Amino acid sequence: MSAGELGPVLFAYDGSDLAALAIEEASRQLEPGRDAVVLTVWRPFGVGFIPPPEVKFNAAASDEVMKAAEETAAQGASMAQAAGFRAQSLALQEPTAWKGIARVADDFDASLIVLGSHGKSGLAGVFIGSVAGAVAAHSGRTVLIVHRRA
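Predicted, not measured: the structure shown is a model, and the values here were computed from it.

### Quick notes on the overall build of the protein
Step number 1: On a plain count of helices and strands, the protein comes out with 5 helices and 5 strands.
Step number 2: When its helices and strands are written in sequence order, the protein yields β-α-β-α-β-α-β-α-α-β.
Step number 3: Per-residue burial over the protein gives 41% buried out of 150 residues.
Step number 4: Look at the contacts in the protein between residues 6 or more apart in sequence, and 69% of them connect residues 24 or more apart.

This is how it looks when you write it as structure tokens:
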């Protein structure tokens with residue numbers, strides 16, 4: 001099957017080093033030139049992403065959080081383009097990150113979801129949850145989970 005017959009790759013990009021590593025790893029694993037959507041999921045207050053260092057905003061102001069999320073997604077799309085993907089960025093307001101990721105994957109008919117695992121397990125995993133684990137468990141799509149290198 002050629003890259004043109006596959007749905008896009010969906011990158012869940014939160015601005016972390018691990019999310020950047022996931023883009024890098026996918027570029028090693030996948031054929032170049034694939035379409036990609038780089039998604040940053042956000043919410044007011046506990047924003048759910050790490051914006052580029054130059055982006056300052058008030059976490060209580062939804063419009064500022066949305067703009068910072070859009071800039072974060074654009075940064076991720078730029079990384080994906082540099083890695084050989086034809087990428088577009090998207091920011092989505094969603095209180096539950098995994099639900100937003102799964103919904104966007106369905107909306108774009110993504111052939112693959114790529115995200116980094118921050119390694120929340122044990123008690124932290126119970127209370128905070130694992131976005132990667134929830135996406136893998138609840139999405140019917142193929143998921144590539146990239147772990148931090150030793």
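### A few points about helix α2 (residues 62-82)
Step number 1: Between its first and last C-alpha, α2 extends 30 Å over 21 residues, near the 30 Å set by a 1.5 Å rise per residue.
Step number 2: Of the residues making up α2, those classed as buried are V65, A68, A69, T72, A73, G76, A77 and A80.
Step number 3: Elements that come into contact with the buried residues of α2 comprise β1 (9-12), α1 (17-29), β2 (35-42) and β3 (86-93).

### So, the packing of helix α3 (residues 97-107) against helix α5 (residues 131-138)
Step number 1: Two numbers describe how α3 lies on α5: the axes approach to 9 Å, and their chain directions differ by 45°. Judged by the inter-axis angle, α3 sits oblique to α5. Crossing handedness for the pair α3 and α5: right-handed. Along its contact with α3, which presents A97, W98 and I101, the element α5 presents V131, A134, V135 and H138.

### As for the side chain of T72
Step number 1: Of note, T72 is situated in helix α2.
Step number 2: Excluding its chain neighbours within four sequence positions, the residues that come into contact with T72 are Y13, D14, G15, T40, F49, I50, P51 and P52.

### Topic: the packing of aromatic side chains
Step number 1: Enumeration over the complete set of coordinates arrives at 2 aromatic pairs.
Step number 2: On the basis of an interplanar angle of 80° and a centroid distance of 5.1 Å, the ring pair of F11 and F85 is categorised as edge-to-face. Taken together, the positions of F11 in strand β1 and F85 in the loop between α2 and β3 put the pair 74 residues apart, joining distant regions of the chain.
Step number 3: Owing to a relative accessible area of 1%, F11 belongs among the buried residues under this scheme.

### Points about the nonpolar core
Step number 1: Grouped together as the largest cluster of nonpolar side chains are 19 residues, with contacts concentrated most on V9, F11, V38, A80, F85 and V114.
Step number 2: Among the secondary structure elements, those contributing two or more residues to this core are β1, α1, β2, α2 and β4 (112-117).
Step number 3: Every residue in contact with V9, bar those within four places of it in the chain, is listed here: L30, R34, D35, A36, V37, F85, L112 and V114.
Step number 4: Core analysis: the second largest hydrophobic core is formed by 15 residues, V37, L39, A97 and I101 among them.

What counts and what doesn't
- Residues numbered from 1 in each chain as written.
- Predicted model: local features only at pLDDT ≥ 70, side-chain atom pairs only at ≥ 80, totals over all residues.
- Heavy atoms only, no water.
- Helix = DSSP H or I, 4+ residues; strand = E, 2+ residues; numbered from the N terminus.
- Buried < 20%, exposed > 50% of the residue type's maximum accessible area, 1.4 Å probe, protein only.
- Contact = heavy atoms within 4.5 Å.
- Expected span 1.5 Å × (residues − 1).
- Axes fitted to C-alpha atoms, helices over the stretch in contact; angles between N-to-C directions.
- Parallel < 35°, antiparallel > 145°, perpendicular 65-115°, else oblique.
- Left-handed = near helix turned anticlockwise from the far one by under 90°.
- Phe/Tyr/Trp six-rings, centres within 6.5 Å; stacked < 30°, edge-to-face > 60°.
- Core = buried A, V, L, I, M, F, W, Y, C linked by side-chain atoms within 4.5 Å.

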